[in-house]
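Chain residues, written in single-letter form:
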Amino acid sequence: MKLPIVAYGDPVLRRKATSIEPAEYPHIKQLCDDMFETMYGARGVGLAAPQVGLSMRLFVVDVSVFDDDEPELKGFKKVFINACILEETGEEWSFNEGCLSIPDIREDVSRKSTIKISYYDENWHHHEETFGGMAARVIQHEYDHIEGKLFTDRLSPLRKRLLEKRLTDISRGIVDVEYKMKFPAVKKGR
């Protein structure tokens, strides 16, 4: 089931998400399936629970679209529950990022090239892994969401000021999107 994506300006996107326990979410696999379906429907490569209005430490990624440049990403589709980035290393590199909660805005964002992360998968199996390249970048972007941060927070104050009106328009629903969204400054969502 496709879920509505929460737009910029909703307080859930600024809240640090809470950890979850298996007993609290016996239907976690269904939620993950719904998040993947929502992400694919919006042509995204990652989606965090706060983006669908749930303040929980959960995000999904599928970076297999980048396998032409990084063949090791073929079939790279993962669920991250209660993730904690343990280490960010390597050179910082810039890439033009976007966000499903902030449609029609893309900006260059610098991030470290390698991360070490601890997380649980959808079967509640624990993993501690190191990722690099595009996988590391997308994971860091989604991880920011569960920490209550957005990619726009990583921009210069001047760049943020220049985007202010466009961001306000997004929260008011003045944006053309091909997927279902909930706008904080509009009584009824689309």
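Since the model is a prediction, treat every value here as computed from it, not as a measurement.

**Some words on the layout of surface pockets**
- Estimates place the volume of the largest pocket at around 650 Å³.
- What lines the largest pocket is a set of 28 residues, among which R43, G98, C99, L100 and R106 lie closest to the centre.
- Within the residue set of the lining of the largest pocket, elements represented by two or more residues are β4 (77–99), β5 (102–120) and α2 (133–146).
- Taken as a whole, the second largest pocket spans an internal volume of roughly 160 Å³.
- Examining the composition of the lining of the second largest pocket, we find that four residues originate from one element, helix α1 (residues 28–41), more than from any other.

**Focus on the pattern of salt bridges**
- Scanning the model with the defined rule gives 12 salt bridges in all.
- For R111, the salt bridge is made with D144, and the minimal N-O distance between the two is 3.1 Å. You can see R111 sitting in strand β5 and its partner D144 sitting in helix α2, a full 33 residues away along the chain. For the pair R111 and D144, a shared accessibility class is recorded, and that class is buried.
- Across the salt bridge formed by R154 and D144, the nearest N and O atoms sit 2.9 Å from each other. Of this pair, R154 sits in the loop between α2 and α3 (157–171) while D144 sits in helix α2, placing them 10 residues apart in sequence.
- If you follow the salt bridges from partner to partner, you end up with E97, R111, R137, D144 and R154 in one network.

Rules of the game
- Residue indices follow the written sequence of each chain, beginning from 1 at its first position.
- Local features in this predicted model are restricted to residues whose pLDDT is 70 or higher, and side-chain atom pairs enter the listing and the counts only when it is 80 or higher, whereas totals over whole chains, interfaces and linings include all residues.
- Excluded from the side-chain calculation are hydrogens and water; included are all heavy atoms of the structure.
- Cavities and pockets were defined on a 1 Å grid built over protein atoms only: a cavity is a set of grid points that admits a 1.4 Å probe from which the probe cannot escape, a pocket is an open set flanked by protein on both sides within 12 Å along at least five of seven lines, and lining residues are those with an atom within 4 Å of any such point.
- Grid points are joined across faces, edges and corners, and a volume is the space filled by probe spheres set on the points.
- Strands here mean DSSP runs of E at least two residues long; helices mean DSSP runs of H or I at least four residues long; both are numbered from the N terminus.
- Any Lys or Arg side-chain nitrogen located within 4 Å of an Asp or Glu carboxyl oxygen qualifies as a salt bridge.
- Per-residue accessibility, obtained with a 1.4 Å probe over protein chains only, is compared with the maximum for each type, and a residue is labelled buried under 20%, exposed over 50%, and partly exposed between these values.

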